[in-house]
Amino acid sequence: MTKPKAGVVVFPGSNCDRDTLWALEKAGFDASFVWHKETNLSRYQLIVLPGGFSYGDYLRPGALAAHSPVVKALRDFKGYVLGICNGFQVLTEAHLLPGALTRNLSGRFICQWEDLVVVNNDTPFTNAYEKGEIITVPIAHSDGRFVSGGQSFTPVFRYLNNPNGSEGDTAAIVSEDGRIMGTMPHPERASDPILGGTDGIKVFMSLYNALK
Amino acid sequence: MLFRFRVIVMPRKDLLDPQGRAVSSVLRDMGMKVKDVRIGRSIDVEVEADGEEEAIKMVEKMASEVLSNPIIEDYSVQKL
């Protein structure tokens with residue numbers, strides 16, 4: 001059986017790319033890195049925009065990466081797209097997901113484990129979870145406060161103890177067609193017992209289920 | 001011709017600005033009668049265009065599509 005192919009985009013300033021690749025391989029993917037100048041994504045069934053500080057977070061987090069060649073190519077990409085943390089910020093800045101992510105209400109960088117509720121398991125990103133399941137996954141961000149700006153959105157994970165002031169306790173959302181998910185919590189950082197938890201690996205297992 | 005503009009980007013009024021809040025609380029602790037502080041950014045751009053109208057169009061486009069995010073920010077353009 002051939003493994004589904006996943007590409008992990010590397011921007012200047014990405015720093016969760018290797019962890020994400022590792023988690024994808026663990027879940028069964030044939031995963032490789034995609035440079036941010038790449039415009040041909042046809043060999044992939046899944047593209048992941050990893051966490052980090054693309055382009056140094058200059059201007060606004062994700063704002064410059066949203067205009068990079070690889071993100072332009074995502075507009076014609078027909079596979080699944082997962083944006084984690086900075087990747088989520090890139091997807092909203094590129095208008096591939098609704099809303100925006102702005103400064104945490106506390107004004108601080110928050111790096112801690114958070115309890116999340118899986119409010120939607122009818123997506124290719126969450127089919128391995130039970131609906132209503134409570135999972136524990138780390139966050140690490142300064143700009144994670146989700147605001148919809150009046151745009152409609154579909155939450156996937158909600159915070160039990162909203163750490164950043166996000167509207168509706170929103171931690172992750174999915175596009176209307178179910179093909180694109182953005183999550184502020186880092187599932188790849190909860191993908192092995194040695195990291196302190198394994199609740200996040202099911203995001204990658206869900207995608208594997210959807211694509212195998 | 002070269003044209004110079006200043007684009008001012010501010011957090012939207014209906015959105016809490018944690019930076020401004022932190023600064024105003026320090027200023028109040030210093031005994032200053034501060035009611036509100038909001039922090040944005042000022043971006044100076046120099047563009048080349050055949051005329052002012054074309055230059056303004058270009059700056060409006062960059063201000064609305066790149067320099068600001070309309071969901072969380074407002075912008076204004078001044079000619080320098």
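Residues numbered from 1 in each chain as written. Chains lettered and ligands numbered in written order. Predicted model: local features only at pLDDT ≥ 70, side-chain atom pairs only at ≥ 80, totals over all residues. Heavy atoms only, no water.

## Some remarks on the overall build of chain B
Alright, step 1. When you go through chain B residue by residue, the secondary structure sums to 2 helices and 3 strands.
Alright, step 2. Order of helices (α) and strands (β) in chain B, N terminus to C terminus: β-α-β-α-β.
Alright, step 3. Since a compact globule built from 80 residues should have a radius of gyration of about 12 Å, the 16 Å found for chain B marks it as more spread out than a globular shape.
Alright, step 4. With respect to the three principal axes, the spread of C-alpha positions in chain B is 50 × 25 × 15 Å.
Alright, step 5. Out of the 80 residues belonging to chain B, those deemed buried represent 31%.
Alright, step 6. Long-range contacts, defined as pairs at least 24 residues apart, comprise 71% of the intrachain contacts of chain B with a sequence gap of at least 6.
Alright, step 7. Of the roughly 5300 Å² of accessible surface on chain B, a fraction of 52% belongs to carbon and sulfur atoms.
Alright, step 8. Considering chain B, the positive charge centre built from 13 side chains and the negative charge centre built from 15 side chains are found 10 Å apart. (Helix = DSSP H or I, 4+ residues; strand = E, 2+ residues; numbered from the N terminus. Rg over C-alpha atoms; globule rule 2.2 N^0.38 Å. Buried < 20%, exposed > 50% of the residue type's maximum accessible area, 1.4 Å probe, protein only. Contact = heavy atoms within 4.5 Å. Areas by Shrake-Rupley, 256 points an atom, 1.4 Å probe, with all protein chains shown as cover. Lys, Arg positive; Asp, Glu negative; His and termini not counted. Charge placed at Lys NZ, Arg CZ, Asp CG, Glu CD.)

## Side note on the overall build of chain A
Alright, step 1. Along the backbone of chain A there are 4 helices and 11 strands.
Alright, step 2. Taking 17 Å as the expected radius of gyration for a compact globule of 212 residues, we find that chain A reaches 15 Å, a close match to that expectation.
Alright, step 3. Across its three principal directions, the C-alpha atoms of chain A cover 45 × 35 × 35 Å.
Alright, step 4. Considering only residue pairs separated by 6 or more positions, chain A has 71% of its internal contacts joining residues 24 or more positions apart.
Alright, step 5. As displayed, chain A offers around 8500 Å² of accessible surface, 49% of which is attributable to carbon and sulfur atoms.

## Details of the nonpolar core
Alright, step 1. If you look at the biggest cluster of nonpolar residues, it comprises 61 residues, and the most contacted ones within it are L24(A), F29(A), L46(A), I47(A), L74(A), L82(A) and F157(A).
Alright, step 2. The biggest single contributor to this core is helix α4 (residues 201–211) of chain A, with 6 residues.
Alright, step 3. Ignoring anything within four residues of it in the chain, the contact list for I47(A) reads G7(A), V9(A), V34(A), L41(A), L74(A), F77(A), Y80(A), V81(A) and L82(A).
Alright, step 4. Membership of the second largest hydrophobic core comes to 14 residues, among which are F3(B), V47(B), A55(B) and V59(B). (Core = buried A, V, L, I, M, F, W, Y, C linked by side-chain atoms within 4.5 Å.)

## Side note on the interface of chain B and chain A
Alright, step 1. Listed by partner, the interface residues are 15 residues for chain B and 18 residues for chain A.
Alright, step 2. In this assembly, chain B packs against chain A so that about 1300 Å² is buried in total across both faces, 60% of it on carbon and sulfur atoms.
Alright, step 3. The largest share of the area that chain B buries against chain A comes from P18(B), V66(B) and I71(B), three residues that together contribute 38% of it.
Alright, step 4. Linking chain B to chain A there are 1 salt bridge.
Alright, step 5. There are 7 residue pairs in polar contact (both at pLDDT 80 or more) connecting chain B and chain A.
Alright, step 6. Put simply, the parts of the chain that give the side of chain B that touches chain A at least two residues each are α1 (18–29), β2 (41–48) and α2 (52–67) of chain B. (Buried area = accessible area lost by both parts, 1.4 Å probe. Salt bridge = Lys/Arg side-chain N within 4 Å of Asp/Glu carboxyl O. Polar contact = N/O pair within 3.5 Å; in protein donor to acceptor, adjacent residues only side chain to side chain.)

## What about unusual backbone geometry?
Residue and element names in this part refer to chain A.
Alright, step 1. Notably, C85 is not glycine yet its phi reads approximately 55°, a positive angle.
Alright, step 2. Structurally, C85 is set in the loop between β4 (80–84) and α3 (86–93).
Alright, step 3. C85 gets classed as buried once you look at its relative accessible area, which sits at 5%.
Alright, step 4. For D169, which is not glycine, the phi torsion reads 55° and is therefore positive.
Alright, step 5. On the basis of relative accessibility, which here comes to 32%, the residue D169 falls in the partly exposed class.

## Details of the packing of aromatic side chains
For any pair of aromatic rings, the description consists of the separation of the ring centres together with the inter-plane angle of the planes.
All names here are of chain A.
Alright, step 1. Per the counting criterion, the structure on display carries 6 aromatic pairs over all chains.
Alright, step 2. When the centroid spacing of 6.2 Å and the interplanar angle of 50° are considered together, the rings of F11 and Y55 count as tilted. In this pair, F11 sits in the loop between β1 (5–10) and α1 (17–26) while Y55 sits in the loop between β3 (46–49) and α2 (69–74), placing the two residues 44 residues apart along the sequence.
Alright, step 3. By relative accessible area, which is 2% here, F11 ends up buried. (Phe/Tyr/Trp six-rings, centres within 6.5 Å; stacked < 30°, edge-to-face > 60°.)

## Examining a nonpolar patch on the surface
Alright, step 1. A cluster of nonpolar side chains, namely V26(B), M30(B) and M32(B), defines an oily patch on the protein surface of about 290 Å² accessible area.
Alright, step 2. Relative to the helices and strands, M30(B) resides in the loop between α1 and β2. (Patch = residues over 30% accessible without salt bridge, like charges linked within 9 Å, V, L, I, M, F, W, Y side chains within 5 Å.)

## Regarding the sheet that holds strand β7 (residues 134–141) of chain A
Note: strands within a sheet are paired through backbone hydrogen bonds, in either parallel or antiparallel orientation.
Residue and element names in this part refer to chain A.
Alright, step 1. The strand order across the open sheet built from 9 strands is β2-β1-β3-β4-β11-β10-β9-β6-β7, with neighbouring strands paired in mixed fashion. This sheet does not close on itself; its edge strands, each paired only once, are β2 (30–35) and β7. Taking the axes of each pair of neighbouring strands and ignoring which way they run, one obtains an average angle of 25° across the sheet.
Alright, step 2. As judged from the 3 bridges shared by strand β10 (residues 170–174) and strand β11 (residues 180–183), these two strands associate in the antiparallel manner. Counted as the bridge partner of I173 is G182 from β11.
Alright, step 3. Across the sheet, α3 touches β3, β4, β10 and β11, and the angle it forms with β4 is around 120°. (Pairing = 2+ DSSP bridges. Axes fitted to C-alpha atoms, helices over the stretch in contact; angles between N-to-C directions.)

## Regarding the sheet that holds strand β1 (residues 2–11) of chain B
All names here are of chain B.
Alright, step 1. Within the open sheet, the 3 strands sit side by side as β2-β1-β3. Their pairing is antiparallel. Taken across any chain shown, the strands that pair with only one partner, and hence form the sheet edges, are β2 and β3 (73–79). Sheet twist, expressed as the average angle between the axes of neighbouring strands with direction ignored, equals 25°.
Alright, step 2. Where β1 and β2 come together, 8 bridges link them in antiparallel fashion. In the sheet register, F5 faces β2, and the bridge partner there is V45.
Alright, step 3. Against the sheet, α2 contacts β1, β2 and β3, and its axis sits at roughly 30° relative to β1.

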